[in-house]
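Now for the letters of each chain:
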Amino acid sequence: MIYNHSSESMPEVENESVHLIVTSPPYPMIAKWDELPLFVEGRENFIIDKIDFAYQHSKLQRIWEECKRVLVKGGIACINIGDATRSIDKEFCCYPNYAMVTITLFKMGFTPLVPIIWRKISNRPNAFLGSGMIPPNGYIAQDCEYIGIYRKGNRRVFKPHDIQRYASEFTKEERDVWFQQVWQIPGAMGAKATSAFPAEVPKRLIQMFSCLDETVLDPFSGTGTTSKVCEELERKFIGYEIKEN
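Keep in mind the model is a prediction, meaning the values are calculated, not measured.

Our next topic: the overall build of the protein. Looking only at helices and strands, one finds 8 helices and 10 strands in the protein. Taken over C-alpha atoms, the radius of gyration comes to 19 Å for the protein, in line with the 18 Å a tight globule of 245 residues would show. Each principal axis of the C-alpha atoms in the protein carries an extent, and together these give about 60 × 45 × 35 Å. Restricting to contacts in the protein with at least 6 residues of sequence separation, those with at least 24 account for 72%. When the accessible surface of the protein is summed, it comes to about 13900 Å², and 55% of that surface belongs to carbon and sulfur atoms. The positive charge centre, built from 29 side chains, and the negative charge centre, built from 31, are 4 Å apart in the protein.

This part takes up the packing of helix 2 (residues 52–70) against helix 3 (residues 97–108). Taken N-terminus to C-terminus, the directions of helix 2 and helix 3 make an angle of 45°; their axes are 10 Å apart at the nearest point. The angle between helix 2 and helix 3 falls in the class oblique. Where helix 2 crosses over helix 3, the two elements pack in a sense that is right-handed. Here Phe-53, Ala-54, His-57, Gln-61, Trp-64, Glu-65 and Lys-68 of helix 2 come into contact with helix 3, specifically with Asn-97, Met-100, Val-101, Thr-104, Leu-105 and Met-108.

That bond from Pro-135 to Pro-136 is cis: its omega, 5°, falls within 30 degrees of zero. Along the chain, the position of Pro-136 falls in the loop between strand 6 (110–119) and strand 7 (144–152). Look at His-161: it is not a glycine, yet its phi comes out positive at around 55°. On the accessibility criterion, His-161 (64% relative accessible area) is exposed. Phi angles above zero are rare outside glycine, and Asp-213 is one such case at about 70°. Relative to the helices and strands, Asp-213 resides in the loop between helix 7 (200–209) and strand 9 (215–218).

Now for the pairing of strand 3 (residues 71–81). Here strand 3 lies mainly inside the structure; 10 of its 11 residues are buried. The sheet contact formed by strand 3 and strand 7 spans 6 bridges and is antiparallel. Its bridge partner being in strand 7, Cys-78 is matched across the sheet by Ile-149.

With that out of the way, let us pick up the nonpolar core. In terms of nonpolar packing, the biggest core is built from 27 residues, with Trp-64 and Leu-217 touching the most fellow members. Those elements that provide at least two residues to this core are strand 2 (18–23), helix 1 (37–40), helix 2, strand 3, helix 3 and strand 10 (236–240). The element that contributes the greatest number of residues to this core is helix 2, accounting for 5 residues. With near-sequence residues (within four places) excluded, Trp-64 lies in contact with Thr-23, Pro-25, Ile-79, Val-101, Thr-104, Leu-105, Met-108, Phe-110 and Phe-220. Grouped together as the second largest cluster of nonpolar side chains are 22 residues, Cys-78, Trp-118, Val-229 and Leu-233 included.

What counts, and at which threshold
Residues numbered from 1 in each chain as written. Predicted model: local features only at pLDDT ≥ 70, side-chain atom pairs only at ≥ 80, totals over all residues. Heavy atoms only, no water. Helix = DSSP H or I, 4+ residues; strand = E, 2+ residues; numbered from the N terminus. Rg over C-alpha atoms; globule rule 2.2 N^0.38 Å. Contact = heavy atoms within 4.5 Å. Areas by Shrake-Rupley, 256 points an atom, 1.4 Å probe, with all protein chains shown as cover. Lys, Arg positive; Asp, Glu negative; His and termini not counted. Charge placed at Lys NZ, Arg CZ, Asp CG, Glu CD. Axes fitted to C-alpha atoms, helices over the stretch in contact; angles between N-to-C directions. Parallel < 35°, antiparallel > 145°, perpendicular 65-115°, else oblique. Left-handed = near helix turned anticlockwise from the far one by under 90°. Buried < 20%, exposed > 50% of the residue type's maximum accessible area, 1.4 Å probe, protein only. Pairing = 2+ DSSP bridges. Core = buried A, V, L, I, M, F, W, Y, C linked by side-chain atoms within 4.5 Å.

Structure below.
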């Protein structure tokens, strides 16, 4: 089920009824999101300043609070987010989105777990930014994003030999790949326009952190990648997306 309104409020979802959240929000300080309704509310103009970094994260926090409400005890939130690089007033800066999300969720009572570093395979012949071969004003190429993993409280409790849990078992080969900290997965086709992540990302996360027939939520549903994967993996799905198309 996908609802066409902002996930700042999710009245359709009962308290502690979602087992897993898999999502990728709009990244604060990325230029294409500057005029997103969520980020412009209460702002007098569209001129972006450094203070918008904290402001935009404060807007996302309203959604993280709803996510905490609907998650079961021990439920997991997997949040794919990248840091933002841009120049404001001719000063280049890396805005640490993953760090800010992690601090925000930690203060809210979530337990941060070891994140996944998603290295997007790229065909770029040269990603260097800066002043050629002369130090010291070059910038590190940005080719990784994060998948933060946050748990609501302590681990989930199951009855011994729970049938549903054991039916959801993955293989040793899958475990050995999925639970490494660095994932090398190509980005989705057309992702620059749609901001979609490739199906392989939610496919792994859903099997790692949920059981068959459990409920997965994506508060930024976008093109519906998580929804499609849930259907394939026999999970229930709830999504929110402000754009009807």
